[in-house]
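# Results of the structural survey
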Amino acid sequence: GSRAVVGKQLIDTELLVHQAKTFFEQGRYARALELSQIALQSVGAQTVSLTRFLGRYADEEQVQAWKQMAARTIEWSRTSRAQALVINKADRQLTLYRNGQSVHTYPVRLGFNGMLEKKHQGDGATPEGQYRILRKRGPGDTQFYRAFLLDYPNADDRRRYDLAKDSGEMPDGKGIGGWIEIHGQDDHGLGQTLGCIMLDNSQIAHLYEQVSPGTPVTIVGALDVDNRVSRMLGDLAEFAAD
C-alpha cells in the first residue's frame, strides 16, 4: 500500500538512486553524492507521509483494539460452535475458524489503497470492522469466480462517515460506498481489487464450501505491533535518520 500513499515520489526516488549509481561508476563522485542526498531527502519526506497514513499499524492502543475485535469473533465461533473469518490486512491473511480453532489460512490481496482505513466510496481502501456475509454469489451471479457480499456499510461505518461529514473532513459529493466483497478473480485475471479482499480461485472455491450467509467476518489492520507495516516504517525512519 505504500505506493498508493506516496505515489510518483517513490518512482522519482528510485530514478535518483539509479542515476547516482551510474555517476558513481563513472567516477563522478560529487554528482553521485549530490543525487544521493536528494534521494535521501525524498525518503525522509515519504517516511513522514507514510507515518501519517500508516502509523496506526505501529500504535499499540490501535493494535490492541484490533486484537480485541478478533478475539470477540473467535470466542463467538467457539461458543456458537460455528465458522468465522478474521482478515489481517498487514499480513495479507484470511483465517477460517471453526469452533474457535484456526483450521485454514489463505493469502489475500487488497486494493490499491487497501492498507488505509475506508472512509468513502472510491477511495480504494479496505474497511475495518466486524461484518457478516450477506450473500454467497456463484456462477452467473457475479463477475468473479465466487464472491461473498459483506454487510458494509454497517452502523459503525455510517456513524464514522456521518462524523467525518459533519466535521468537514469528507470530500464533497463522496458517498459511503458499498458492495465490499471477499471474491476470487474475474475472467480477465484482475490482479488487484478496488477495496475488496481477493483470493485465488482455487482458494475461494475451498472457502465457498466452508461458510454460509451470516458467517461473521472481522477485518483488522494488524494483530501484532511487530507487523510488516510497522517494520517497514521503522526501517524507513532508521534509513532516513542515517
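The following refers to the structure shown.

Here is what the cut-offs are and how they apply
- Residues numbered from 1 in each chain as written.
- Predicted model: local features only at pLDDT ≥ 70, side-chain atom pairs only at ≥ 80, totals over all residues.
- Heavy atoms only, no water.
- Pairing = 2+ DSSP bridges.
- Helix = DSSP H or I, 4+ residues; strand = E, 2+ residues; numbered from the N terminus.
- Core = buried A, V, L, I, M, F, W, Y, C linked by side-chain atoms within 4.5 Å.
- Buried < 20%, exposed > 50% of the residue type's maximum accessible area, 1.4 Å probe, protein only.
- 1 Å grid on protein atoms, 1.4 Å probe; cavity = no way out; pocket = protein on both sides within 12 Å on 5 of 7 lines; lining within 4 Å.
- Points joined across faces, edges and corners; volume = space filled by probe spheres on them.
- Nonpolar A, V, L, I, M, F, W, Y, C, P; charged D, E, K, R; others polar.
- Salt bridge = Lys/Arg side-chain N within 4 Å of Asp/Glu carboxyl O.
- Expected span 1.5 Å × (residues − 1).
- Arc of directions from axis to C-beta.
- Contact = heavy atoms within 4.5 Å.
- Polar contact = N/O pair within 3.5 Å; in protein donor to acceptor, adjacent residues only side chain to side chain.

### Details of the pairing of strand β4 (residues 129-137)
The pairing of β4 with strand β8 (residues 216-220) spans 4 bridges and is antiparallel. From the neighbouring strand, Gln130 faces β8, where its bridge partner is Thr218. Here β4 pairs with strand β5 (residues 147-150) via 4 bridges, running antiparallel. Its bridge partner lying in β5, Arg137 is registered against Ala147.

### Some thoughts on the sheet that holds β4
The strand order β3-β2-β1-β8-β4-β5-β6-β7 describes an open sheet built from 8 strands, whose pairing is mixed. Both edges of this open sheet fall to β3 (101-107) and β7 (197-198), since each of them pairs with a single strand only.

### Quick notes on the nonpolar core
The nonpolar side chains of soluble globular proteins are, as a tendency, buried together. Grouped together as the largest cluster of nonpolar side chains are 40 residues, with contacts concentrated most on Leu85, Leu94, Ile182, Leu199 and Leu207. Counting 6 residues, the second-largest nonpolar core is a separate cluster that includes Ala20, Ala32, Leu35 and Ala39.

### Brief notes about the layout of surface pockets
By volume, the largest pocket amounts to about 510 Å³. As for the largest pocket, its lining consists of 20 residues, and the residues nearest its centre are Glu117, Lys118, Lys119, His120 and Asp123. Contributing elements (two or more residues each) for the lining of the largest pocket: α3 (29-54) and α5 (155-166). With 4 residues, the top contributor of residues to the lining of the largest pocket is α5. In the lining of the largest pocket, the residues fall into 9 nonpolar, 2 polar and 9 charged.

### Considerations on the pattern of salt bridges
In total, this model carries 11 salt bridges according to the counting rule given. Note that Glu34 is salt-bridged to Arg31, the shortest N-O span being 3.0 Å. Taken together, the residues Glu34 and Arg31, both in helix α3 and 3 residues apart, mark about one turn of the helix. Since its relative accessible area comes to 39%, Glu34 is described here as partly exposed. Among the ionic pairs, Lys89 bridges to Glu128, the shortest N-O distance being 2.8 Å. Placement of Lys89 in the loop between β1 (83-88) and β2 (93-98) and of Glu128 in the loop between β3 and β4 is noted, with a sequence separation of 39 residues between them. Assessed through its relative accessible area of 0%, Lys89 is described here as buried.

### Some remarks on helix α4 (residues 60-80)
For α4, spanning 21 residues, the distance from its first C-alpha to its last is 30 Å, which sits close to the expected 30 Å at 1.5 Å a residue. Within α4 the residues assigned to the buried category are Val63, Trp66, Met69, Ala70, Thr73 and Ser77. Buried residues in α4, looked at end-on, bunch into an arc of 120 degrees, giving them a common side. With respect to the buried face of α4, the exposed residues turned more than 90 degrees away are Glu60 and Glu61. Where α4 is buried, its residues touch β1, β2, β4 and β8.

### A few points about the environment of Asp151
With respect to the element layout, Asp151 can be found in the loop between β5 and α5. Given the relative accessible area of 24%, Asp151 is considered partly exposed. Setting aside residues no more than four positions away along its own chain, Asp151 makes contact with Tyr131, Arg132 and Leu134. Reaching out from Asp151, the side chain makes a polar contact with the backbone nitrogen of Arg132 at a distance of 2.8 Å.

Don't take any of this as a statement about function, it's just geometry.
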